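Breakdown of the fold
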Amino acid sequence: DKLYGGANTTLTLSEYLVQPMACDFDLRFYPFDEHRCELSLALLPHSVDHARLIIGPNSARYTGPSYLPDFTLEETILELRHKLIAGRTHSSATFKIRLRRRP
């Protein structure tokens, strides 16, 4: 059996998630409103020293319709951020979408 040092070994896990998003709409500028919704993903319980999320070209994408009943999906953004949770830094990512109301 060959032994490999853990410090020089990289493991990659890919997972497909279907996640509904809930948005809080600010209707002060109705009917010209635009909304930004966020979905945060944090890699728990591991700290950033042990496991990290890596963003690639197809890491996250919105696969639903872009033409919704009242809105058009204008933009999707995936940002990698570290979060401090319970005193430990965790690797996390935030998926953002921007919706614009159609006149």
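Relevant structure appears above.
The following refers to the structure shown. (Residues numbered from 1 in each chain as written. Predicted model: local features only at pLDDT ≥ 70, side-chain atom pairs only at ≥ 80, totals over all residues. Heavy atoms only, no water.)

1. Quick look at the sheet that holds strand S1 (residues 34-42)
Strand order in the open sheet made by the three strands is S1-S3-S2, with antiparallel pairing throughout. The open sheet has two free edges, formed respectively by S1 and strand S2 (71-85), since each of these has just one partner strand. The sheet shows a mean angle of 20 degrees between the axes of neighbouring strands, direction not considered. Where S2 and strand S3 (residues 88-101) come together, 14 bridges link them in antiparallel fashion. Among the inter-strand pairings, Leu78 is bridged to a residue of S3, identified as Phe95. (Pairing = 2+ DSSP bridges. Helix = DSSP H or I, 4+ residues; strand = E, 2+ residues; numbered from the N terminus. Axes fitted to C-alpha atoms, helices over the stretch in contact; angles between N-to-C directions.)

2. Thoughts on the nonpolar core
Residues Cys37, Leu39, Phe71, Leu73, Phe95, Ile97 and Leu99 constitute the largest nonpolar core, which totals seven residues. Sort the elements by how many residues they give to this core and S3 lands first, with three residues. Once residues lying within four places of it in the same chain are set aside, the contact partners of Leu39 are Gln19, Met21, Ala93, Thr94 and Phe95. (Core = buried A, V, L, I, M, F, W, Y, C linked by side-chain atoms within 4.5 Å. Buried < 20%, exposed > 50% of the residue type's maximum accessible area, 1.4 Å probe, protein only. Contact = heavy atoms within 4.5 Å.)

These figures capture arrangement, not role.
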